[in-house]
Amino acid sequence: MTILVMLASLAGLAVVGEVLWGERADRPDPSAVLRGPSAEHLLGTDHLGRDQLARLLSATWPSLLPAVTATLLGAVAGITLGALTAVVGRRAARLLGALINLLLAFPAILVAMFLAVLFGAGAGGAVIALAVASAPGYARITQTLAAQVAGTDFMAAARVLGLRRHRLLLRHVLPHIAEPLLLNTTVAAGSALVALSGLSFLGLGVRPPAYDWGLLLNQGLDRIYTEPLPAVAPGIAIVYAAVAFQLLGEMLAGAAARRARPCPDEEPAARPALTSRPASADHVLEVDDLRVDLPTADGVVRPVRGVTLALRRGEMVGLVGESGSGKSMTALALADLLPDGARAAWSTHRFLGADVGSATRKERRGQLATGIALVFQNPASAFNPSLRIGTQMTEAVRTHRGVRRAEAVDLALDRLHRVALPAGRRLLRSRPFQLSGGQRQRVAIATASMMRPALLIADEPTTALDVTVQRQIMELLHRVRDDDATAVLLISHDIALVADACDRVLVMYGGTIVENLPAGELAAGARHPYTRILVASVPDLDAGPGRALRAIEGDPPDPYGTAPGCAFRGRCPHPLERCAVEGPVLSPLGPGHDVACWQPLPAPPSCARQGSEEAQK
């Protein structure tokens with residue numbers, strides 16, 4: 001309530017001050033020169049006999065307007081400069097960062113005073129001087145905030161969509177960081193008022209016959225020891241307005257902190273029966289010898305070291321392995337979403353029959369944006385929290401397919417209904433933070449299916465969700481696969497989930513695929529030692545309370561290492577001498593079964609008989 005009263009008083013004085021007291025403030029009275037406070041003149045008079053209280057009240061608008069103007073001009077210039085670092089290339093971003101650091105090396109008040117002298121004394125010169133001096137501060141704050149946005153999943157997805165830089169800036173960067181910038185700008189308006197008043201006090205701002213609070217403070221200073229009130233009153237007005245701006249910023253910050261929290265998960269509605277389309281047998285993706293290098297200060301990290309895989313339409317393939325084995329980095333490389341500085345290379349990379357390597361970057365990103373969709377591990381980071389769900393769901397089809405807004409909204413409503421979110425337009429108007437984790441993940445799957453992609457990469461889509469929601473998510477992935485004959489690459493640590501949901505499983509270790517086998521054979525038919533140990537480490541719910549959990553002994557391979565031989569030999573229970581000098585390659589072992597091992601484990605008797613029968617057939 002206090003802040004509202006203070007703001008209302010300032011606004012009222014700014015509007016009516018000149019109208020009510022302007023004439024009296026400008027009317028000289030030679031008979032009442034330099035009078036002290038009295039009943040007729042509560043703050044006394046100046047050297048021309050003008051009423052000091054009238055001048056103080058009518059100076060509200062000339063004092064506040066330049067401060068707000070300088071704040072807005074500095075904020076626009078600084079925020080634009082800082083936000084550009086998130087959408088330009090790496091070299092341009094470094095140059096802009098160096099420019100910001102250079103500008104910040106000079107104290108803002110000294111820069112403002114120098115520019116005020118350079119532009120000439122007056123209100124206009126002081127406003128421009130202060131705007132230029134304050135811009136680097138806004139640029140540094142914006143650069144820091146924008147750097148956090150630049151590394152998010154939704155920003156990477158927006159880049160893949162092929163959005164131009166001005167759209168990235170206006171739709172993804174600035175809305176996401178608008179709240180802290182608004183709070184900072186509001187608080188900075190009070191500082192700008194004090195700075196402009198100081199310039200006027202020094203004779204570098206407003207010049208007579210115009211006046212503001214700073215100039216009134218200067219004029220009253222000559223007799224501060226005999227009549228202190230004419231000098232103290234303008235100072236009180238400056239402090240009062242500055243505190244009001246500060247409290248306004250705190251009020252806005254408190255309102256932002258009281259935003260709505262995620263609502264509880266809703267019960268999914270009954271889904272209509274859908275007709276599955278037959279999956280075709282052609283390859284969606286073919287990759288041979290995929291490698292990824294990440295240069296660091298300590299050397300080059302090689303998280304992916306020769307991955308070979310192929311996916312067919314309508315096929316769901318699981319990708320499993322320990323943390324750090326390269327699963328997520330492989331997915332990012334396939335979707336062209338590697339972080340800055342990372343380098344990907346391959347022998348063959350075909351997507352939908354086209355050679356990805358021979359295409360230009362623009363053509364490659366356009367092809368991947370329409371043909372590949374990702375469902376990230378954390379749906380909260382996959383969505384821009386400052387944009388509504390409807391905007392983010394329809395952006396891709398409107399950008400690449402030219403679909404009108406109404407048609408895109410209808411398509412989004414249909415996709416939401418298919419993932420058991422029949423809330424309709426109300427949900428499209430929601431923002432991501434208003435949804436629960438399960439709802440966000442279902443929206444992510446619906447968004448991924450908007451373009452009817454040929455390949456859907458789901459990176460740990462059920463992490464941190466309860467088992468009921470996990471089952472729903474897996475049902476949705478199966479539905480997307482069946483509806484559009486979409487190939488699904490499911491990355492997960494849950495061995496049991498992958499074995500139950502997928503058609504085929506790829507086991508990854510040390511940046512390479514060490515085994516490729518049918519999902520039904522994962523539990524008992526694995527032939528690579530690492531796969532066997534990985535399956536054995538899954539907790540058994542039927543085991544007694546005294547049974548210890550099995551772990552994989554030894555340490556994972558050094559990500560910086562370039563030693564020859566098999567990466568698993570240090571943890572393998574039966575290594576060969578050959579394993580130390582020559583790395584195994586993925587070779588056929590049976591129908592649909594490939595293993596990268598010089599001495600595969602023997603197949604269980606049941607699996608051996610089954611393989612013999614299939615070979616005879």
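Structure's up top.
Residues numbered from 1 in each chain as written. Predicted model: local features only at pLDDT ≥ 70, side-chain atom pairs only at ≥ 80, totals over all residues. Heavy atoms only, no water.

## Some thoughts on unusual backbone geometry
(1) Moving on: A cis amide bond links Pro 208 to the next residue, Pro 209, at an omega of 10 degrees.
(2) Moving on: Along the chain, Pro 209 turns up in the loop between helix H8 (165-201) and helix H9 (213-220).
(3) Moving on: Residue Asp 289 is not a glycine yet carries a positive backbone phi of 55 degrees.
(4) Moving on: Its location among the elements puts Asp 289 in strand S1 (residues 283-296).
(5) Moving on: For Asp 289, a relative accessible area of 30% gives the class partly exposed.
(6) Moving on: Phi angles above zero are rare outside glycine, and Arg 452 is one such case at about 50 degrees.
(7) Moving on: Within the fold, Arg 452 resides in the loop between helix H17 (437-448) and strand S8 (455-459).
(8) Moving on: For Arg 452, a relative accessible area of 37% translates into the label partly exposed. (Helix = DSSP H or I, 4+ residues; strand = E, 2+ residues; numbered from the N terminus. Buried < 20%, exposed > 50% of the residue type's maximum accessible area, 1.4 Å probe, protein only.)

## Section: the sheet that holds strand S7 (residues 372-375)
(1) Moving on: An order of S7-S8-S9-S3-S10-S11-S13-S12 is seen for the 8 strands of this open sheet, with the pairing classed as mixed. The open sheet is flanked by S7 and strand S12 (587-590), the only strands paired with a single partner. Adjacent strand axes in the sheet meet at a mean angle of 25 degrees when their direction is disregarded.
(2) Moving on: Sheet topology note: the S8/strand S9 (residues 487-491) ladder contains 5 bridges and is parallel. Its bridge partner being in S9, Ala 458 is matched across the sheet by Leu 490.
(3) Moving on: Across the sheet, helix H11 (residues 327-334) touches strand S3 (316-320), S7, S8, S9 and strand S10 (504-509), and the angle it forms with S9 is around 150 degrees.
(4) Moving on: On the sheet, H17 packs against S7 and S8 and is oriented at approximately 175 degrees with respect to S7. (Pairing = 2+ DSSP bridges. Axes fitted to C-alpha atoms, helices over the stretch in contact; angles between N-to-C directions. Contact = heavy atoms within 4.5 Å.)

## Focus: the nonpolar core
(1) Moving on: Membership of the largest hydrophobic core comes to 58 residues, with the highest contact counts inside it found for Met 393 and Val 443.
(2) Moving on: The dominant element in this core, judged by the number of residues it contributes, is helix H18 (residues 467-484), at 6 residues.
(3) Moving on: If we skip the residues at most four places from it in the chain, Met 393 touches Ala 412, Arg 415, Leu 416, Leu 428, Val 443, Ala 446, Thr 447 and Met 450. (Core = buried A, V, L, I, M, F, W, Y, C linked by side-chain atoms within 4.5 Å.)

## Regarding the pairing of S1
(1) Moving on: With 10 bridges joining them, S1 and strand S2 (residues 299-312) adopt antiparallel strand pairing. Its bridge partner being in S2, Val 292 is matched across the sheet by Val 304.
(2) Moving on: Joining the antiparallel neighbours S1 and S2 is a turn of 2 residues.
(3) Moving on: Strand direction decides the pairing type here: S1 and strand S4 (residues 343-345), joined by 3 bridges, are antiparallel. Within S4, the residue paired with Val 292 across the bridge is Ala 344.

## Comments concerning the side chain of Thr 348
(1) Moving on: Mapped onto the elements of the fold, Thr 348 is located in strand S5 (residues 348-351).
(2) Moving on: For Thr 348, a relative accessible area of 19% corresponds to the buried category.

## Some points on the packing of aromatic side chains
(1) Moving on: Counted under the stated rule, the structure contains 3 aromatic pairs.
(2) Moving on: Ring centres of Tyr 509 and Phe 568 lie 5.1 Å apart, and the angle between their planes is 85 degrees; on these two criteria the pair is classed as edge-to-face. Here the residue Tyr 509 occupies a position in strand S10, and Phe 568 occupies one in the loop between helix H20 (529-536) and S12, the gap between them amounting to 59 residues.
(3) Moving on: Residue Tyr 509 is classed as buried on the basis of its relative accessible area, which comes to 3%.
(4) Moving on: Cluster of aromatic residues (ring-pair linked, three or more members): Tyr 509, Tyr 530 and Phe 568.
(5) Moving on: Geometry around Tyr 211 places Arg 55 over its ring, the cationic atom sitting 4.1 Å from the centre.
(6) Moving on: The aromatic ring of Trp 598 is capped on one face by Arg 578, whose charged end is 3.4 Å from the ring centroid. (Phe/Tyr/Trp six-rings, centres within 6.5 Å; stacked < 30°, edge-to-face > 60°. Lys NZ or Arg CZ within 6 Å of the ring centre and 35° of its normal.)

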